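Summary of structural features
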4 protein chains.
Amino acid sequence: MDKPLTIAGRTFGSRLLMGTGKFSSPEVMKKAIDASGAEVVTVALRRVELDNPQDNILSAIDSSRFLLLPNTSGARDADEAVRLARLARAAGCDPWIKLEVTPDPHYLLPDPVETLKAAEILVKEGFVVLPYINADPILAKRLEEVGTATIMPLGSPIGSNRGIRTRDSIEIIIEKATVPVVVDAGLGAPSHVAEAMEMGADAVLVNTAIAVARDPESMARAFKKGVEAGREAYLAGLGRSGRKAEASSPLTGFLR
Amino acid sequence: MDKPLTIAGRTFGSRLLMGTGKFSSPEVMKKAIDASGAEVVTVALRRVELDNPQDNILSAIDSSRFLLLPNTSGARDADEAVRLARLARAAGCDPWIKLEVTPDPHYLLPDPVETLKAAEILVKEGFVVLPYINADPILAKRLEEVGTATIMPLGSPIGSNRGIRTRDSIEIIIEKATVPVVVDAGLGAPSHVAEAMEMGADAVLVNTAIAVARDPESMARAFKKGVEAGREAYLAGLGRSGRKAEASSPLTGFLR
Amino acid sequence: MDKPLTIAGRTFGSRLLMGTGKFSSPEVMKKAIDASGAEVVTVALRRVELDNPQDNILSAIDSSRFLLLPNTSGARDADEAVRLARLARAAGCDPWIKLEVTPDPHYLLPDPVETLKAAEILVKEGFVVLPYINADPILAKRLEEVGTATIMPLGSPIGSNRGIRTRDSIEIIIEKATVPVVVDAGLGAPSHVAEAMEMGADAVLVNTAIAVARDPESMARAFKKGVEAGREAYLAGLGRSGRKAEASSPLTGFLR
Amino acid sequence: MDKPLTIAGRTFGSRLLMGTGKFSSPEVMKKAIDASGAEVVTVALRRVELDNPQDNILSAIDSSRFLLLPNTSGARDADEAVRLARLARAAGCDPWIKLEVTPDPHYLLPDPVETLKAAEILVKEGFVVLPYINADPILAKRLEEVGTATIMPLGSPIGSNRGIRTRDSIEIIIEKATVPVVVDAGLGAPSHVAEAMEMGADAVLVNTAIAVARDPESMARAFKKGVEAGREAYLAGLGRSGRKAEASSPLTGFLR
């Protein structure tokens, strides 16, 4: 039996985290989240009206069933990210924050230095910090040392659907990490999330690939199965790959 | 709703075909087959004692639930393959045959010319022929033209667990085929089968990766989910991959 | 010191073969061929007026310096290919022929069965046959057995510039071959030809990438260097690649 | 005509930089450097006895022909790196420094935060700083902003010979950079350096692959040609790669 995913002492039955951007409507989003089985749902603070009980996104997500994880999407430096996190907590959110610091609007790649700086501040203020980072093993280790709850390396740029293009680095991150590794960004197909889980990642986060699918609800179900498939295969002991063929059946050649 | 996989007029609820080589025991094999949900199970004729009702493999597989698909594994040319196929039919098997002609024992790669030759003969004799081939789009087309029931291109050498290393060719085969395309050989992880299904393959065949796993039953379940995940994603409309990031949430930048 | 490339007893100082299609003019082509250092130049029989001494392509290539290698480009089956080859010889060409049988005009992929059939006929008629094939190790072996002078597996579809997308198969072909292996088609950059030579290929053939470059003469020179670089590296003994870092300098840490 | 490589106002005729670790003897190293055409030669400060005129490495390299570029290999944080750089200058070296901060001895991956910190200090003290970094586009931009003379992203871990496994990120770094981009680490074959140059990198640095070759002198020559091939191809305008074939010769089909 698999152990549940545990982040900062809280356990989750699902290893698929979901983002809420780009859906065509709150109804479509709600159905996709249900189908995904996700228990952690990220939401961009900028999109949420925190003090408005009618806010579409918040009202679509039942916070008794899901951990609503605000992210600092759009923050360009540590200051902005810290400010967003504090706003969220002041509005009554749990003190969990997905930390994103992306100074460049083009590729939305994370800033390693500002991310580390913000993480240090937020951890000290009692936040549970889940930082989005480039697949940089040294940075991952440093974030862990300042007390982040997870490491969230990117597979490829946000929304690119390119899959895991940073495999070597993510392998090292997983090898060295003592907190959960959640592969985030660029995961565009169930095969991509399965691959992440087969490598030993603890979880994955998906948004665009589900939200913009022709049928988001089915796609969410497909990703759910992809995550479970990869995880089960990891636990069941995948074989090594080799260059030579190995016959599935011994070549006794009784015919000759 | 997905249509069922249909091969030569017969429909199957599962798109995962399973091989029976390399299992540590018939019991382990039986549990893995059950967990996989497979409805087509291949068996090497050379390993089966066709006239022996006590044969372990045959008795482990309930032929009312499964299509037992004999393969010509070990045949080095068309003659040997044809001879094996006829033996199977004479012993009372269904006239379905997975055609494998592999003159080289090292990499077990299929011979395109002998495979085509054997396919022609067997189709004329009324066999339902499922040929194992290199990922060669022209050969695939020619086999289809002589009347094979499927095309079974290899992802990578048998037993290598390398996944789909012939992606460009398989894409073309799928684009051009009018019979089901079943990706066979080398599929070593659920992410590999998911990838095949996402590309539009109709089915996959797996053996080694399940049989030699630490826990074959769990691994079979993982592959089942991988196949379903890939198929559902294919039907739900996967997005295109791109180079640039696309923010999951619009960058309104309310903070500034 | 490297041995020269030897095909059918004839030696060549260059391991870069060049095609002559798609150039903007015979003058541009001539300069590119000179810059490439190629000694074997392929020409599509269909493009050449064999009995016309003013033919632009033929007159642009000095046949005392180059082996003019006619190809059967456009042939859709063995018959057409054989017919083209005989026409070329009847017109006074050397009995060397690059055998191309491509029934599908879309991807121009070679037909394994017709290619083998044509090769057998042409070898018997005294031709020196250089067959263009899919990267199929068994087919390569069979062609060698009927007496072809080389094996010319494709890296990727003609004109696609995708490089070597059939690496696993080409490695096996090289391992098993006793005639020269010339990687053909899809080689779109010097890094691609260098890679082929580093793998142990005996030569490469390039056309599109040079012909359609902004500056074909410079590009030809670049490919020449790429081939030489890859060949020299192959002979000088490339290291193995590994996963872990190895410090270029021992970590004595005298500073501490 | 190509412009020369210019770093911090100094021009270089070669775009191949060479490291000096792992050679079997100073003589072998000297011959390889000569064959490489390199004009910038890195040397680990820890290996050099700066005040000893008999030091083998220093005496093997003619500093009137080469820029001797000391590196801070072995430094685990900014302080150690800064200290090493100052020692080098105090001993009479040029104020150029290849900045390496690698806290983890296993993979020798660079620390983004300490590297930025050391770069800031060293630039202020008048050093010409060439930082070795993970392929992180945001970090690259920040280093450029504090005034480093180049960006040196890794292709893969030092000494791994894996080539460019960070292609997406290096493409972005090249697209955004206003200082020279020198791809460093993991380049194990001429095809790897050619690829870097074809992508538009300004230069590459190679050490292990040359030093540990069976014949380092030939290998150095091979890398020289690989760099030139890639650069020339970049300038001559490489074609785009596509999925479909494009015939090298138009399919007029005169045969039919």
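About the criteria used
Residues numbered from 1 in each chain as written. Chains lettered and ligands numbered in written order. Predicted model: local features only at pLDDT ≥ 70, side-chain atom pairs only at ≥ 80, totals over all residues. Heavy atoms only, no water. Helix = DSSP H or I, 4+ residues; strand = E, 2+ residues; numbered from the N terminus. Buried < 20%, exposed > 50% of the residue type's maximum accessible area, 1.4 Å probe, protein only. Areas by Shrake-Rupley, 256 points an atom, 1.4 Å probe, with all protein chains shown as cover. Core = buried A, V, L, I, M, F, W, Y, C linked by side-chain atoms within 4.5 Å. Contact = heavy atoms within 4.5 Å. Salt bridge = Lys/Arg side-chain N within 4 Å of Asp/Glu carboxyl O. Axes fitted to C-alpha atoms, helices over the stretch in contact; angles between N-to-C directions. Parallel < 35°, antiparallel > 145°, perpendicular 65-115°, else oblique. Left-handed = near helix turned anticlockwise from the far one by under 90°. Nonpolar A, V, L, I, M, F, W, Y, C, P; charged D, E, K, R; others polar. Pairing = 2+ DSSP bridges. Polar contact = N/O pair within 3.5 Å; in protein donor to acceptor, adjacent residues only side chain to side chain. pLDDT = per-residue confidence, 0-100. Phe/Tyr/Trp six-rings, centres within 6.5 Å; stacked < 30°, edge-to-face > 60°. Lys NZ or Arg CZ within 6 Å of the ring centre and 35° of its normal. Arc of directions from axis to C-beta. UniProt positions renumbered as here; feature names shortened; annotations may be inferred.

Secondary structure assignment for chain A yields nine helices and 10 strands. Looking at chain A as a whole, 64% of its 256 residues qualify as buried. When the accessible area of chain A is evaluated, it comes to approximately 9,200 Å², of which 47% is carbon and sulfur surface.

Grouped burial of nonpolar side chains is what soluble globular proteins tend to show. Among the nonpolar cores identified, the biggest contains 128 residues, and V204 and I210 of chain A together with V204, V206 and I210 of chain D are the most heavily contacted of them. When residues no more than four places from it in sequence are discounted, the contact partners of V204 of chain A are R15, L16, L17, V182, V183, L187, V193, A196, M197 and V227 of chain A.

Looking now at the pattern of salt bridges. Tallied over the entire structure, the rule returns 84 salt bridges over all chains. Note that R76 of chain A is salt-bridged to E80 of chain A, the shortest N-O span being 2.9 Å. Here R76 of chain A falls in the partly exposed class, since its relative accessible area comes to 37%. Between E125 of chain D and R86 of chain D there is a salt bridge whose closest N-O contact spans 2.5 Å. Of this pair, E125 of chain D sits in the loop between α4 (112–124) and β7 (128–133) while R86 of chain D sits in helix α3 (residues 78–90), placing them 39 residues apart in sequence.

This next bit is on the packing of helix α9 (residues 216–236) of chain C against helix α9 (residues 216–236) of chain D. With their axes 8 Å apart at the nearest point, α9 of chain C and α9 of chain D run at an angle of 155° to one another. On the basis of the axis angle, α9 of chain C is roughly antiparallel to α9 of chain D. Crossing handedness for the pair α9 of chain C and α9 of chain D: left-handed. Along the contact surface, α9 of chain C presents S218, M219, R221, A222, K225, G226, E228, A229, E232, A233 and A236 of chain C, while α9 of chain D presents S218, M219, R221, A222, K225, G226, E228, A229, E232, A233 and A236 of chain D. Its residues assigned to classes, the contact of α9 of chain C with α9 of chain D comprises 10 nonpolar, four polar and eight charged.

It is worth spelling out the pairing of strand β4 (residues 40–44) of chain B at this point. Walk down a regular strand and you will see the side chains alternate between the two sheet faces. Residue and element names in this part refer to chain B. Of all the five residues making up β4, five are buried; the element is thus mostly covered by neighbouring parts of the structure. Across the two faces of β4 the burial is the same, with V40, T42 and A44 and V41 and V43 all buried. In terms of strand pairing, strand β3 (residues 16–19) meets β4 through two bridges, oriented parallel. Directly across from M18, in β4, lies its bridge partner V41. Strand direction decides the pairing type here: β4 and strand β5 (residues 67–71), joined by five bridges, are parallel. In the sheet register, V43 faces β5, and the bridge partner there is P70.

Our next topic: helix α6 (residues 167–176) of chain A. Residue and element names in this part refer to chain A. Counting buried positions along α6 yields seven of 10 residues, so the element is predominantly enclosed. Restricting attention to buried positions, one finds in α6 the residues D168, S169, I170, E171, I172, I173 and I174. Looking at the buried side of α6, the elements it contacts are α5 (137–146), β8 (152–153) and β9 (182–184).

Okay, the side chain of T20 of chain C next. All names here are of chain C. Note on placement: T20 falls in the loop between β3 (16–19) and α1 (26–36). Residue classification places T20 among the buried positions, given a relative accessible area of 5%. In terms of polar contacts, T20 uses its side chain to reach the backbone carbonyl oxygen of T42, at 2.9 Å.

A separate point is the confidence of the model for chain A. Per-residue pLDDT for chain A averages 90, and the proportion of residues at 70 or more is 89%. Within the model, pLDDT remains below 50 along residues 250–256 of chain A, and this stretch shows 18 contacts once partners closer than five positions in the same chain are excluded.

Turning our attention to the environment of G9 of chain C. Note on placement: G9 of chain C falls in the loop between β1 (5–7) and β2 (10–12). Using a relative accessible area of 68% as the deciding quantity, one classes G9 of chain C as exposed.

Here we take up the packing of aromatic side chains. All told, the structure shown has four aromatic pairs over all chains when counted by the stated rule. For the ring pair F12 of chain B and W96 of chain B, a centre distance of 6.2 Å and an interplane angle of 85° mean the geometry is edge-to-face. On the criterion of sequence distance, the pair formed by F12 of chain B in strand β2 (residues 10–12) and W96 of chain B in strand β6 (residues 96–99) is long-range, its members being 84 residues apart. The residues F12 of chain B and W96 of chain B share a single accessibility class, namely buried. Directly above the aromatic system of Y132 of chain A lies the positively charged group of K98 of chain A, at a separation of 5.3 Å from the ring centroid. Cation over ring: R89 of chain C sits above F127 of chain C, and NZ or CZ is 4.0 Å from the ring centre.

Looking now at α1 of chain C. One turn of the α-helix equals 3.6 residues, which is why residues spaced by three or four share an orientation. All names here are of chain C. Considered for burial, the residues of α1 that qualify are M29, A32, I33, A35 and S36. When α1 is viewed along its axis, its buried side chains cluster within an angular range of 165° and face the same direction. Phi turns positive one or two residues past the end of α1, at G37, with a value near 75°.

Residues and elements named next belong to chain A. The UniProt entry lists G159, A185, G186, N207 and T208 under the feature "binding site: 1-deoxy-D-xylulose 5-phosphate" (unreviewed entry), expressed in the numbering used here. The annotated residues occupy 50 residues of the chain but converge on a single region, no pair of C-alpha atoms lying more than 9.0 Å apart. Tracing the sequence through the fold places G159 in the loop between β8 and α6. Turning to its location among the elements, G186 is positioned in the loop between β9 and α7 (190–198).

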